[in-house]
Amino acid sequence: MKLIVAEAGPGIAAAEYIKDRINKFNPSEKNPFIIALPTGGTSLDMYKTLTSFCRDGALSFKHVVSFNLDEYIGLDISSASSYHNFMKLNFFDHIDMPPQNINIPNGNAKDIAAFCEEYENKIKRLGGIELFIGGLGVNGHIAFNEPGSAFDSRTRAVDLSAETLKSNSRFFGNDINAVPRQAVTMGIGTILDAREIIIMACGANKVRAVGKALKSEPDVMWPVTALQSHKNVLLFADKAAAGEISRYENSLL
């Protein structure tokens, strides 16, 4: 895992990397670029920057297929707090990705387990995820894989931790009781199958998680440590999140 301290911000640095990665891949209709996409505050700068690239002709999503990482269970997709709505307002409405290429977990499926199995199968049918993009939780979670998640887990329904509920309450009018208690999430095993992984971390409250990601032995209580077994992981962090580690182990952007 390589730490990159992004002075302009992890989201902007990640967007630049994504642009170059897609353009180098040169996707086509028969050979699309498969990307896994996150939500949350850390990703906003990334989506704003990617949108500007698309608008200016520096990047096209015409032959890109996306799989979002997660969605709340039982929350209407039209809700202002749903991840369907987040992606539509902050990204998909502003780029040239065909609607049929967009995949977001269905937290209202009649059979959640069957939906999760089909989500996994669709990723496999398309040849797997080329580039996974995710944020880093204070407790080390990636997607909604909370502490204790098995490193071979797949897309599934999960219970959200009290820490995650508290953190995400800011998207629900700061009312923790309004945050759904469960979500569908892409599993750690699915993430590890991606050919390349980018993780973004912002803020001093992520210092411990960044340290665990880079320095600790693999530990299911810190899900991000699972990525240490992957040969191609970039951790984009701001100076606050990188903390003291940035003094002796990083590349600066």
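So, how was this worked out
Residues numbered from 1 in each chain as written. Predicted model: local features only at pLDDT ≥ 70, side-chain atom pairs only at ≥ 80, totals over all residues. Heavy atoms only, no water. Phe/Tyr/Trp six-rings, centres within 6.5 Å; stacked < 30°, edge-to-face > 60°. Helix = DSSP H or I, 4+ residues; strand = E, 2+ residues; numbered from the N terminus. Buried < 20%, exposed > 50% of the residue type's maximum accessible area, 1.4 Å probe, protein only. Salt bridge = Lys/Arg side-chain N within 4 Å of Asp/Glu carboxyl O. Polar contact = N/O pair within 3.5 Å; in protein donor to acceptor, adjacent residues only side chain to side chain. Contact = heavy atoms within 4.5 Å. Expected span 1.5 Å × (residues − 1).

Here we come to the packing of aromatic side chains. In this structure the tally under the stated criterion is 12 aromatic pairs. Ring centres of Tyr83 and Phe144 lie 6.2 Å apart, and the angle between their planes is 25°; this geometry places the pair in the stacked category. A residue pair is termed long-range when its members are at least 10 positions apart, and Tyr83 in helix H3 (residues 83-90) and Phe144 in the loop between strand E6 (131-135) and strand E7 (156-159) qualify at 61 residues. The same class applies to Tyr83 as to Phe144, namely buried. Put simply, the rings of Tyr47, Phe61, Phe86, Phe91 and Phe92 pair up and form one aromatic cluster.

The tally for this structure, following the rule as stated, stands at 10 salt bridges. Of the charged contacts in the structure, one is a salt bridge between Glu7 and Lys239, with a shortest N-O distance of 3.4 Å. Remark: Lys239 occurs in helix H8 (residues 239-242) and Glu7 occurs in the loop between strand E1 (2-5) and helix H1 (10-25); sequence separation between them is 232 residues. Each of the two residues, Glu7 as well as Lys239, counts as exposed. Across the salt bridge formed by Glu130 and Arg195, the nearest N and O atoms sit 2.6 Å from each other. Linking Glu130 in the loop between helix H4 (112-125) and E6 with Arg195 in the loop between helix H6 (188-192) and strand E9 (196-201), this pair joins segments that are 65 residues apart in sequence. Residue class for Glu130 comes out buried when judged on its relative accessible area of 10%. Each member of the salt-bridge network shares a partner with another, and the members are Arg21, Glu130, Arg195 and Glu196.

Attention now moves to the side chain of Ser81. Following the sequence through the fold, Ser81 ends up in the loop between strand E4 (70-72) and H3. Within polar-contact distance, the side chain of Ser81 engages the backbone oxygen of Phe171 at 2.8 Å. Non-local contacts of Ser81, meaning those with residues more than four positions away in its chain, are made with Tyr72, Leu75, Phe171 and Phe172.

This next bit is on helix H2 (residues 44-55). The end-to-end C-alpha distance of H2 is 16 Å, a good match for the 16 Å that 12 residues give at a rise of 1.5 Å each. Along H2, the residues that are buried comprise Met46, Tyr47, Thr49, Leu50, Thr51, Ser52, Phe53 and Cys54. Where H2 is buried, its residues touch H1, strand E2 (33-37), H3, E6 and E9. A positive phi of about 85° marks Gly57, the residue just after H2.

Here the focus is the side chain of Asn139. One can find Asn139 in the loop between E6 and E7. For Asn139, a relative accessible area of 8% corresponds to the buried category. Here the side chain of Asn139 touches His141 through a polar contact of 2.9 Å, side chain to side chain. Contact partners of Asn139, with chain neighbours within four places excluded, come to Glu146, Pro147, Ser161, Glu163, Thr164, Met221, Trp222 and Pro223.

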